[in-house]
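Commentary on secondary and tertiary structure
Below, each chain spelled out in residue letters.
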Amino acid sequence: MLDLVLPLQCGGCGAPATRWCDACAGELIVAPDEPHLISPRVDPQVPVFALGRYAGARRRAILGVKEHGRGDLVAPLACALATGVHRLLVWGMVDAPLTIVPAPTRRLAARRRGGDPVTRIATAAVAGHPEIGVVPALRMRALARDSVGLGTAARERNLAGRVVLRGRPPRTDVLVVDDIVTTGATARESARVLTAAGLRVTAVLALAAA
Ligand SMILES: [Zn+2]
């Protein structure tokens, strides 16, 4: 139905007559030495990996899913995430059985955007892997402001004590997945809360590092 009313445009570069062009697909390819280990300013105390920089087609695809309702871009991002998770398994950074816990977003924000994008992308990425599940085990208390535009210290203050468990915690090792790691504050608070609940957080994997 949407095809009838929306002009068909690449979600990465705006090229006409395609939803996702070959050039943009090329930008999301996960090279053999990726995901890269990164060092956010706030140390989450677990290894943090990113599939690439928050720029170009990757940035526009993430924004497309989060802000512009481009559900069709979940698939290419999920494909890249699946490759990233596979590499971490091969490298022995994580072990199966494994539970992916999406980093929390403000619930209101997620609802407004049609469901939490990270959960959707992660679920699509590991579909068909019986040993890897996705459990949205964290939520952000309503007090937390959207962190856009906040500096490192302000982000940490904004998050302190506001990431909380929801539901029953998973029983396996955990890989925290986030869309964009900026300061590392969300990753650290997520890992801290999960660890305090007795879980082993083996790594954080982000779709992009800002
Ligand atoms: Zn494109």
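Residues numbered from 1 in each chain as written. Predicted model: local features only at pLDDT ≥ 70, side-chain atom pairs only at ≥ 80, totals over all residues. Heavy atoms only, no water.

**Section: the side chain of R58**
Mapped onto the elements of the fold, R58 is located in helix 3 (residues 56-67). In this structure the side chain of R58 is engaged in a polar contact, spanning 3.2 Å, whose partner is the backbone oxygen of E27. Polar side-chain contacts of R58 include one of 3.3 Å to the backbone oxygen of R53. The contacts of R58, once residues within four sequence positions are left out, are E27, L28, L51, G52, R53, L207 and A208. (Helix = DSSP H or I, 4+ residues; strand = E, 2+ residues; numbered from the N terminus. Polar contact = N/O pair within 3.5 Å; in protein donor to acceptor, adjacent residues only side chain to side chain. Contact = heavy atoms within 4.5 Å.)

**With respect to the pairing of strand 7 (residues 173-181)**
Summarising burial for strand 7: 9 of the 9 residues are buried, a large majority. Note that strand 3 (residues 98-102) and strand 7 share 5 bridges and pair parallel. Opposite P102, over in strand 7, you have V177 as the bridge partner. (Buried < 20%, exposed > 50% of the residue type's maximum accessible area, 1.4 Å probe, protein only. Pairing = 2+ DSSP bridges.)

**A few points about the coordination of the zinc ion**
Distances from the zinc ion to its protein donors, C10 (SG), C13 (SG), C21 (SG) and C24 (SG), fall within 2.3 Å. Classification of the site at the zinc ion rests on its 4 donor atoms, whose angles at the metal span 105 to 115°, yielding the label tetrahedral. Taking relative accessible area as the criterion, C10 reaches 4% and is therefore assigned buried. C13 sits in the partly exposed class, given a relative accessible area of 42%. (Donors = N, O, S within 2.8 Å, 3.2 Å for Na, K, Ca; no water. Tetrahedral: all angles 85-135°; square planar, octahedral: opposite > 155°, others 65-115°.)

**Looking at the pairing of strand 8 (residues 201-209)**
Across the 9 residues of strand 8, 9 count as buried, placing the element largely inside the fold. Summarising the sheet, strand 2 (residues 48-50) and strand 8 pair through 3 bridges and their orientation is parallel. Paired with V48 across the two strands is V204, which belongs to strand 8. The pairing of strand 7 with strand 8 spans 7 bridges and is classified as parallel. Within the sheet, the bridge partner assigned to I180 lies in strand 8 and is A208. Following the chain from strand 7 across helix 8 (residues 185-196) to the adjacent parallel strand 8, one finds a crossover that is right-handed. (Right-handed = clockwise from strand over helix to strand, strands pointing away.)

All quantities given are derived from atomic positions and should not be read as evidence of function.
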